[in-house]
Amino acid sequence: MKYLAEFRDGDIAQKLAREIRAITTRPWAIMEVCGGQTHSILRNGIDQLLPPEIELIHGPGCPVCVTPLDMIDKALAIAALPDVIFTSFGDMLRVPGSDRDLFRVKSEGGDVRIVYSPLDAVQMARENPSKQVVFFGIGFETTAPANAMAVHVAKREGLRNFSMLVSHVLVPPAINAIMSAPGNRVQAFLAAGHVCSVMGFWQYPALATRHHVPIVITGFEPLDVLEGIRRTVQCLENGEARVDNAYARVVTFDGNAPAQALLAEVFTVTDRAWRGIGVIPASGWRLSDAYADYDAEHRFNVGAIRTTESASCRAGEVLQGAIKPSQCEAFGKQCTPRTPLGATMVSSEGACAAYFNYGRLHTLERATSVA
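Residues numbered from 1 in each chain as written. Predicted model: local features only at pLDDT ≥ 70, side-chain atom pairs only at ≥ 80, totals over all residues. Heavy atoms only, no water.

Draft legend 1. Structural view of the packing of helix 9 (residues 171-180) against helix 11 (residues 204-211). Closest axis-to-axis distance for the helix 9/helix 11 pair is 10 Å, and the angle between their directions is 5 degrees. When the axes of helix 9 and helix 11 are compared, the pair comes out roughly parallel. Of the residues in helix 11, those touching helix 9 at V171, P172, I175, N176, M179 and S180 are Y204, L207, R210 and H211. (Axes fitted to C-alpha atoms, helices over the stretch in contact; angles between N-to-C directions. Helix = DSSP H or I, 4+ residues; strand = E, 2+ residues; numbered from the N terminus. Parallel < 35°, antiparallel > 145°, perpendicular 65-115°, else oblique. Contact = heavy atoms within 4.5 Å.)

As structure tokens, then:
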């Protein structure tokens with residue numbers, strides 16, 4: 001527990017909560033752009049420790065949740081093909097497509113397998129030369145280097161039976177889109193520490209200046225989140241639109257240069273559709289021309305698949321921070337982890353799953369023990 005337990009100290013958490021209360025003089029709306037932070041906030045009751053003036057808005061920080069429905073349907077179409085081994089991380093298997101999910105495809109005879117690294121899929125391609133092995137490559141900048149390495153290794157070894165269905169998205173363009181949207185209420189951001197551990201935060205000062213918002217890079221343990229909120233509120237109260245690194249034990253300004261070099265080689269920036277939000281320009285990656293032969297979307301000719309979101313699911317509004325999950329009429333009724341309408345209810349980082357799992361079925365009274 002070393003380097004972990006010290007970031008879960010209850011007495012220090014109470015002290016930080018009191019400090020936040022002491023410096024807060026007016027209402028502030030702060031968005032965390034990470035599903036892991038959302039779960040930490042709700043699991044540890046951090047939202048209940050804050051003064052009523054502080055509203056935490058849960059942003060589009062769950063990579064599974066923002067993967068568009070037509071990309072899920074493309075995955076389902078490929079996975080159902082004969083002689084295909086379709087591989088994915090486990091949290092994608094229950095994400096609903098238009099009429100089924102990957103578990104259903106597997107039950108119907110599709111060869112769908114859970115892997116713990118994209119390099120596991122590369123190994124399957126080595127071991128099964130008569131099969132086409134596809135890896136579902138989704139995520140923010142955090143998971144992209146490992147996915148890029150898998151494609152790089154496959155090309156280096158000449159594995160013609162490996163390909164990747166890519167749906168990577170990028171955080172800075174999402175922040176820009178959120179701040180530029182009509183009716184936006186967000187006044188500050190808690191940025192995702194693991195994303196910045198790869199990419200650094202050299203892209204963020206321009207965003208902070210352009211939109212006049214503080215951005216605080218924050219970790220995921222309770223004290224990380226509370227310290228991030230404390231620094232954010234201090235910036236807001238002082239009228240400071242700047243970037244602050246509250247996760248310096250992991251994050252540097254420049255980030256991981258070798259990882260960024262690999263990403264620049266394997267991927268190229270592209271427009272991306274975000275589930276429930278729409279297309280955000282230059283907000284994602286696709287495989288670069290040098291690696292285009294490993295693009296499963298083209299290899300299996302599924303690029304033309306287009307689908308329509310369910311009218312019953314308000315996940316798009318949740319991802320935009322427009323509503324809390326418990327404000328959706330279907331939440332906890334038609335939509336549960338066993339009968340999900342959208343990815344936000346089944347993903348391990350989904351806001352709806354967090355609200356369901358941690359007892360936020362209704363609005364709860366705030367804790368008063370820290371007053």
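On we go.
Draft legend 2. Quick look at unusual backbone geometry. Positioned with a positive phi, H212 is a non-glycine residue whose angle comes to about 55 degrees. Relative to the helices and strands, H212 resides in the loop between helix 11 and strand 8 (215-218). Owing to a relative accessible area of 56%, H212 belongs among the exposed residues under this scheme. In the Ramachandran plot, A282 falls in the positive-phi region, its phi being about 50 degrees despite a non-glycine side chain. Turning to its location among the elements, A282 is positioned in strand 11 (residues 278-287). (Buried < 20%, exposed > 50% of the residue type's maximum accessible area, 1.4 Å probe, protein only.)

Draft legend 3. Quick look at empty space enclosed by the protein. Applying the stated rule across the entire model yields 4 cavities of 30 Å³ or more. Within this model, the largest cavity holds a volume of roughly 80 Å³. Forming the walls of the largest cavity are 15 residues, and the residues nearest its centre are C313, R314, C328, C335 and C352. Residues belonging to the lining of the largest cavity are distributed by class as follows: 11 nonpolar, 3 polar and 1 charged. Looking at the second largest cavity, its volume works out to about 60 Å³. C34, G35, T38, H58, G59, G61, C62, V318, L319, E349 and A351 are the residues that line the second largest cavity. Among the residues forming the lining of the second largest cavity, the class breakdown is 5 nonpolar, 5 polar and 1 charged. (1 Å grid on protein atoms, 1.4 Å probe; cavity = no way out; pocket = protein on both sides within 12 Å on 5 of 7 lines; lining within 4 Å. Points joined across faces, edges and corners; volume = space filled by probe spheres on them. Nonpolar A, V, L, I, M, F, W, Y, C, P; charged D, E, K, R; others polar.)

Draft legend 4. View of the pattern of salt bridges. Taken as a whole and assessed by the stated rule, the structure comprises 18 salt bridges. Its salt-bridge partner being E19, residue R230 comes within 3.9 Å of it at the nearest N-O pair. You can see R230 sitting in helix 12 (residues 222-238) and its partner E19 sitting in helix 1 (residues 10-23), a full 211 residues away along the chain. What makes R230 partly exposed here is its relative accessible area of 22%. The partly exposed category is assigned to E19, whose relative accessible area is 27%. The salt bridge partner of R100 is E108, with a shortest N-O separation of 2.9 Å. Residues participating in the shared-partner salt-bridge network are K15, E19, E227, R230, R231 and D244. (Salt bridge = Lys/Arg side-chain N within 4 Å of Asp/Glu carboxyl O.)

Draft legend 5. Representation of the sheet that holds strand 7 (residues 188-192) within the structure. Strand order in the open sheet formed by 5 strands is 2-1-7-8-9, and the pairing between neighbours is parallel. Looking at which strands have only one partner, the edges of the open sheet turn out to be strand 2 (54-58) and strand 9 (243-245). Sheet twist, expressed as the average angle between the axes of neighbouring strands with direction ignored, equals 25 degrees. Two strands pair when backbone bridges link them, and strand 1 (residues 28-32) and strand 7 are joined in this way by 3 bridges, in the parallel orientation. Within strand 7, the residue paired with I30 across the bridge is A188. (Pairing = 2+ DSSP bridges.)

Draft legend 6. The arrangement of the side chain of N161 in detail. Tracing the sequence through the fold places N161 in the loop between helix 8 (144-157) and strand 6 (162-169). Within the structure, the side chain of N161 is placed 3.0 Å from the backbone oxygen of N128, a separation counted as a polar contact. Separated by 3.0 Å, the side chain of N161 and the backbone oxygen of K131 make a polar contact. Among all residues touching N161, those that are not within four sequence positions of it are A125, N128, P129, K131, Q132, V133 and R299. (Polar contact = N/O pair within 3.5 Å; in protein donor to acceptor, adjacent residues only side chain to side chain.)

Draft legend 7. Structural detail: the environment of G284. Tracing the backbone through its elements, the reader meets G284 in strand 11. Note: C-alpha distance between G284 and T270 (14 residues apart in sequence) is 5.3 Å. When near neighbours in sequence (up to four residues on either side) are disregarded, G284 contacts H168, V169, L170, T268, V269, T270 and R272.

Draft legend 8. Representation of the state of the cysteines. All chains considered together, the criterion is met by 1 disulfide. Each disulfide pairs two cysteine sulfurs, and for C62 the partner residue is C65, the sulfurs being separated by 2.4 Å. Between C62 and C65, the S-S torsion sits near 70 degrees, and that sign places the bridge as right-handed. Here C62 matches C65 in class, with each residue buried. Of the cysteine sulfurs around C235, a residue in no disulfide, the closest is that of C196, at 15 Å. (Disulfide = S-S within 2.5 Å.)

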